[in-house]
Structures are given as structure tokens and as C-alpha cells.
Amino acid sequence: MQFDWTTFVLEIINFLVLVWLLARFFYRPVLRILDDRKSRMEAEMALARQTQQDAETLKQQYAAQLADWHQEQEKARQQLELALARQKEQGLQAIQHQISDEMAKMQAREAAQAASRTAQLQQQAQDAAFDMAAVLLQRLGSAPLTARIFQLFLEDLAGLSPEETSALRDAARAAPENTILRAEVAHALEPGQEAALAQALSALSGRSQTVACTMNPELIAGLRMAIGGYVLHANLADALDFFKHRNPHESS
Amino acid sequence: MSHDSAAITAVLWLGPLPLTETVLTTWGNMLALVVAAWLLVRHPALLPSRKQTLAESILVAIEQAIAEVVPENAVRPVLPFVATLWLFILCANLTGLIPGLHAPTRDLSATAALALLVFGSTHWYGIRTKGLRSYLKHYVEPSPILAPFHILSEITRTLALAIRLFGNIMSLEMAALLVLMIAGFLVPVPLLMLHVIEAVVQAYIFGTLALIYIAGAIEPDENATSTDSPEHPIKEKS
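Nothing here was measured: the structure is a model prediction, and the numbers come from that model.

Calculation rules
Residues numbered from 1 in each chain as written. Chains lettered and ligands numbered in written order. Predicted model: local features only at pLDDT ≥ 70, side-chain atom pairs only at ≥ 80, totals over all residues. Helix = DSSP H or I, 4+ residues; strand = E, 2+ residues; numbered from the N terminus. Buried ≥ 20, exposed ≤ 12 C-beta atoms within 10 Å, placed from the backbone. Contact = placed C-beta atoms within 7 Å. Nonpolar A, V, L, I, M, F, W, Y, C, P; charged D, E, K, R; others polar. Pairing = 2+ DSSP bridges. Axes fitted to C-alpha atoms, helices over the stretch in contact; angles between N-to-C directions. pLDDT = per-residue confidence, 0-100. Parallel < 35°, antiparallel > 145°, perpendicular 65-115°, else oblique. Core = buried A, V, L, I, M, F, W, Y, C linked by C-beta atoms within 7 Å.

Turning our eyes to something else, we now look at the overall build of chain B. The secondary structure content of chain B amounts to seven helices and two strands. Helices and strands appear in chain B in the N-to-C order β-β-α-α-α-α-α-α-α. With 238 residues in all, chain B has 39% of them scored as buried. Restricting the contact set of chain B to residue pairs at least 6 apart, pairs at least 24 apart contribute 62%.

Below you can see the structure in the form of C-alpha cells.
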């Protein structure tokens, strides 16, 4: 074990020089690079944290906005459901009204149809009745019956009210002088009856009248004659026709 | 093996100064370290190359090791000294593996110089960090009676540093030479593998002890008086 003072001193100097050289060419450059990198990383980390914080803020804002939207959506949905329910109720009411109206119309239509049918049936029954009566009266119609009706005609003509008499007189006078009054009869009149008719008419009109009778079997029994604008019915056919076409409600 | 193989003799004379093999080998180690450092960090860039990554890894590992012992604000001031200790002693220890060369650390003059530097750096960092009065105050704490023991402790731990490194490296080389002489050419190879491990371990021990001494000087408290042991609990950083 030797100890050399020169080596000892030189080793101290050598080591100090080595410390300086390594600090100059190794430690400082590497540490500077490490520090730069660290500072850059810290800056980037700070930026990343800031970005993350911003993102968190945006996320919270978005969540709050989303919650508001959901709330508004729920509110709108409830309003829509309410409106739909109201509209549905109104629609149902309208349909019910429409149905009740349609039912009323249908009932009215059915009633009208029933009434029409009833009236038609009544008319048919009435027509059938008058046809039957006409057939019966056709069989009953005869010259004596015509003579009897003729007698009644003369009686009725004599028993007219003053107004009716005046009206017939005016109608007879409106015709020219010597106008022949036409009369239709169902059967041939008895002798003297045509003269009696002319006489009654002359008395009614206050001037001499001539009557010409023609045969019309369709009258069944009796006669029909025209004086001016008036037609005098005194026969069974016109009587039946009158009753046939008379409004049934008028009789009631 | 001759008796001269263990002797430290002057190889060259620089004027009146005798240059021993230890000094020359140290210069070679210094040159190798500086050239290697220059090659590794020739073009420093934020996006590192493989060589720069290696250099950064070495330095970051050393910085983390220092940061575990000393306060955070003292890491950078302490780093050049301690890192150079680790790198130089490792390099010097491994020099003994090169045939024809001897490790500078097998010379007591070299290890004593390193130990003296550790001794001086301890006071240097302590005074720089705390001031002269405050630093010297720890010698009389907890009692002035203990001041001689403090001083004795510092001297003995410095001697222990020097002799531990010197003894281990020299004994390794001696053992390798003895085995080579007795057993033959390839038999000392396992012993050389042990030399590699021992070189790493001794460099680590020397640098770590130096770091602990410096940390004790920077933060003197009740535990700082017994920092001679590697098992000394690491104080909490401020």
C-alpha cells in the first residue's frame, strides 16, 4: 500500500476538471433539454387541462340544455296530448251530433216515406173504392135516375143564392144573343124536360135561352152543362170524380 | 505475477512531477468519459435520438437517485459532483478488466483524493446551503461535548471511504492475478465477472455514501450525526 502525494494532488485536480468538463458537455445540455421538454409538457398539460375544463363546461352546458329540451319536449307533449284529447272529444261530439242529425233526418225521411206510402195506399184504396162505386153506379145508372137528378138540378137551380144567381146570369148574358147552351146528358131526357131546362135558364138569365142536349154515357146518370165560364155538374160521374180528387184532409 | 504489479511507480516525468500509471489511466478515463458524453449529446434536440435517449436515461436515473436523498432544491447543485463520482469510479473500476491496464481505484492515492473531495464537498455544500455559522453549529449539537466525536466521525468515515474502495478493487485484481498464476489462462474468467459486479457495487456505494454525507450536511438534525451508515433513514424533503 503506497501513497504518492503527487498522484493524490493530481487526482484531485483531475476529478475537479472532470466535474467541470462533464458539467459543461454532458449535464447542462441534457438537463436543459429535459427542462425544456418538461416545461413544454407542462404547458401542453395545462393546455390539455384547460381544454378538458372547457370541454367539461361545454358538457355541463349541453347537459343543462338537453335537460331544458327534455322539459320543453315533455311540456309540449303534454300540451299536444291535451289538445288531441280536446280535439278528440270535440270530434266525438260532432260525430254524435251528426249521427243524431242523421238519425233525425232518417226518422223524418222514414216518416215522410211512411206518410207517402200511407197516402198512396189511401189514394189507391180511394181510387179502388171510387172505381168500385163507379162500377156499381154504372150498373145503377138509368134514365129514371137521370130524370130524378134532372129534377133535383132544376130545384137546386131555383134555390141558388142571389150572388150565385147573379153570377150565372152575368155569365149567360156575356154570351152573344141566341147562343145555344150545350148540355150533356147520360140518358135521353123525358119529353118536356129539355123545354123545362130552357125555361129555367131563361128565367135565370132574364132572356130567352135555347138548350141543345147531347148524349154522354160516361156521366152514368144526370147532366152537365156550361154557362159562360161556369160548368154545372149534376151527374154521378162528376160527383164521383169530385170526391175522388178531393183532398182527404179537406174533408176532415 | 511480480511484486511490481501491485506497486505504483512513476511511468513518466513531467518536469519534476512523476506521472504514475494511476494518473495516466485517470486521464484516459476522463478522455473516454468526455468523448462519450460529447458523442451522446452532440446535437441535443427535444425529440431525442437513441444516443440522446441513453444519455437522458443515465442522467435521469442519477437525478432520481439523488432526489430520493436530498431536498428538491439541492438536487441540481449536488448532481454534477455525485454523478461524476458514480461515472468516474465505475469507469475506473472497470478499467482493471482491460488487459495490461490497472484500475486507478486500486491506488490509495486516488481513492484518498476522492475521499478528500467528498469530505470537502460535504462542508462546501453545507456552508453554501446553511451559512458558515449555522453549519458549524451542528458540531455542538445536541451537546458541545460531542464536537470531538463529530470531527472524529467525519475523519474516520473519510478514511473508510478511501480504504474501502482501495481495498476492494486492489484485492479483486490481486485475486485475479493469483488465480491466473495458479490455475491457468481461462480460469479467472468467472472472477472477472465478479470484478464487473464488484466494480458497479463499489461505485454505487462510494457515490451513495458521498450523497448521504452531503445530504446530512445540508439538513443537519438529530439523525444527521449518524449518517455514516447507508441504512440511515432518508429525511423527508422540505
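The next subject is the interface of chain A and chain B. With 27 residues of chain A at the contact, the number on the chain B side is 36 residues. Per-class residue counts for the side of chain A that touches chain B are 19 nonpolar, four polar and four charged.

What follows deals with the sheet that holds strand E4 (residues 230-235) of chain A. Residue and element names in this part refer to chain A. Ordered in space as E2-E1-E3-E4, the four strands form an open sheet in which the pairing is mixed. Strand pairing shows two members of the sheet lacking a second neighbour, strand E2 (210-215) and E4, which therefore form its edges. Across the sheet, the axes of successive neighbouring strands diverge by a mean angle of 20 degrees, strand direction being ignored. In this structure, strand E1 (residues 180-185) lies alongside strand E3 (residues 222-227), joined through three bridges in antiparallel fashion. Its bridge partner being in E3, Ala183 is matched across the sheet by Met225.

Residues and elements named next belong to chain B. Summing up the model confidence of chain B, the mean pLDDT is 84 and the portion of residues at 70 or higher is 89%. Per-residue pLDDT, averaged within each element of chain B, yields its smallest value for strand E1 (residues 10-14) (78) and its largest for helix H3 (residues 75-95) (94). Scored below 50 in pLDDT, residues 222-238 makes 25 contacts in the model with residues more than four places away or belonging to other chains. Model confidence for the complex: the whole-complex pTM is 0.59, and ipTM, which rates the interface, is 0.86.

Attention now moves to the packing of helix H1 (residues 5-140) of chain A against helix H2 (residues 50-67) of chain B. Direction vectors running N to C along H1 of chain A and H2 of chain B enclose 90 degrees, while the axes themselves pass 10 Å from each other. For the element pair H1 of chain A / H2 of chain B, the angle class is roughly perpendicular. Packed against H1 of chain A, whose contacting residues are Tyr27, Val30, Leu31 and Leu34 of chain A, the element H2 of chain B presents Ala55, Glu56, Leu59 and Val60 of chain B at the interface. A class-by-class count of the residues in the contact of H1 of chain A with H2 of chain B yields seven nonpolar, no polar and one charged.

Moving on, we come to the nonpolar core. Counting residues in each nonpolar core, the largest one holds 62 residues, and the members touching the most others are Val78, Val82, Trp86, Phe88, Ala210 and Ile214 of chain B. Those elements that place two or more of their residues in this core are H1 of chain A together with helix H1 (21-40), H2, H3, helix H4 (108-130), helix H6 (147-183) and helix H7 (189-218) of chain B. It is H3 of chain B that contributes the most residues to this core, 13 residues altogether. Setting aside residues no more than four positions away along its own chain, Val78 of chain B makes contact with Ile66, Val70, Tyr125 and Ile214 of chain B. Among the nonpolar cores identified, the runner-up in size contains 22 residues, and Val185, Ala186, Ala221 and Ile227 of chain A belong to it.

It is worth spelling out the pairing of E1 of chain B at this point. In terms of burial, E1 of chain B is largely open, as just zero of its five residues are buried. Hairpin connection of E1 of chain B to strand E2 (residues 17-20) of chain B: two residues between the antiparallel strands, including Gly15 of chain B at a positive phi of 65 degrees.

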